[in-house]
Amino acid sequence: MSLKLVMAVVKPYKLDEVREALTSIGIQGMTVSEVRGFGRQKGQTEIYRGAEYEVNFVPKQKIEIVVGDDLVEQVIETIRASAETGSIGDGKVFVLDVEQAMRIRTGESGPEAI
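Reading the values: the criteria
- Residues numbered from 1 in each chain as written.
- Predicted model: local features only at pLDDT ≥ 70, side-chain atom pairs only at ≥ 80, totals over all residues.
- Heavy atoms only, no water.
- Salt bridge = Lys/Arg side-chain N within 4 Å of Asp/Glu carboxyl O.
- Helix = DSSP H or I, 4+ residues; strand = E, 2+ residues; numbered from the N terminus.
- Contact = heavy atoms within 4.5 Å.
- Pairing = 2+ DSSP bridges.
- Axes fitted to C-alpha atoms, helices over the stretch in contact; angles between N-to-C directions.
- Left-handed = near helix turned anticlockwise from the far one by under 90°.
- Nonpolar A, V, L, I, M, F, W, Y, C, P; charged D, E, K, R; others polar.
- Buried < 20%, exposed > 50% of the residue type's maximum accessible area, 1.4 Å probe, protein only.
- Arc of directions from axis to C-beta.
- Polar contact = N/O pair within 3.5 Å; in protein donor to acceptor, adjacent residues only side chain to side chain.

Draft legend 1. Local environment of the pattern of salt bridges. Applying the stated rule across the entire model yields nine salt bridges. Here K62 ties to E64 by a salt bridge, and the two come within 4.0 Å at their closest N and O atoms. Residue E77 is joined to R80 by a salt bridge in which the shortest nitrogen-to-oxygen separation is 2.9 Å. Taken together, the residues E77 and R80, both in helix α2 (residues 72-83) and three residues apart, mark about one turn of the helix. Overlapping salt bridges, with partners in common, bring together K4, D69 and D97 in one network.

If you want it as structure tokens, here you go:
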């Protein structure tokens with residue numbers, strides 16, 4: 001079985017909802033980073049934490065999850081359903097191939113490492 005890295009960039013206030021939804025489908029681990037960026041809404045105003053401001057770099061949360069091929073579509077759909085607000089800036093999901101994975105503590109590699 002090959003591994004995939006699913007990266008999602010979502011609105012900060014959606015992070016807990018996305019995490020809970022992913023946990024409910026059996027995802028046992030993920031990495032989360034605070035990031036900033038912009039997409040198509042560049043040059044428009046956005047509301048963040050109740051304040052309206054001109055978009056330069058919008059605060060987002062990046063979620064990274066490594067899963068087997070068999071879970072990729074379910075993970076993507078779970079993220080989409082739980083992160084969607086219907087407004088500009090809901091985010092993106094990217095899927096990349098993972099060539100190798102290793103658990104540092106045990107030396108396990110491949111699917112056993114995740």
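Draft legend 2. Representation of the environment of V18. Relative to the elements of secondary structure, V18 occurs in helix α1 (residues 15-24). For the pair formed by V18 and I63, sequence separation is 45 residues and the distance between their alpha carbons is 9.3 Å. Not counting the four nearest positions on each side in its chain, V18 is found in contact with I63, I79, S82 and A83.

Draft legend 3. Representation of the pairing of strand β5 (residues 58-68). Across eight bridges, the pairing between strand β1 (residues 3-10) and β5 is antiparallel. Looking at the pairing, V6 lines up with I65 of β5. As paired elements, strand β2 (residues 31-37) and β5 share seven bridges and run antiparallel to each other. Bridge pairing in β5 places E34 opposite Q61.

Draft legend 4. Summary view of the packing of α1 against α2. Where α1 contacts α2, the axes come no closer than 9 Å and their chain directions differ by 145 degrees. For the pair α1 and α2, the sense of crossing is right-handed. Across the interface between the two elements, E17, V18, A21 and L22 of α1 pack against V75, T78, I79, S82 and A83 of α2. Taken together, the residues of the contact of α1 with α2 break down into six nonpolar, two polar and one charged.

Draft legend 5. Representation of α1 in the model. When α1 is considered as a whole, its buried residues turn out to be L15, V18, A21 and L22. An end-on view of α1 places all buried positions within 130 degrees of arc, on one side of the element. Buried-residue contacts for α1 involve β2, β5 and α2.

Draft legend 6. Focus on the side chain of D90. By the element assignment, D90 lies in the loop between α2 and β6 (91-98). Here T85 takes part through its side chain, which lies 2.4 Å from a polar atom of the side chain of D90. In terms of polar contacts, D90 uses its side chain to reach the backbone amide nitrogen of G86, at 2.9 Å. Setting aside its immediate chain neighbours within four residues, D90 contacts V9, V10, K11, A83, E84 and T85.

Bear in mind that shape data such as this cannot, by itself, settle questions of function.
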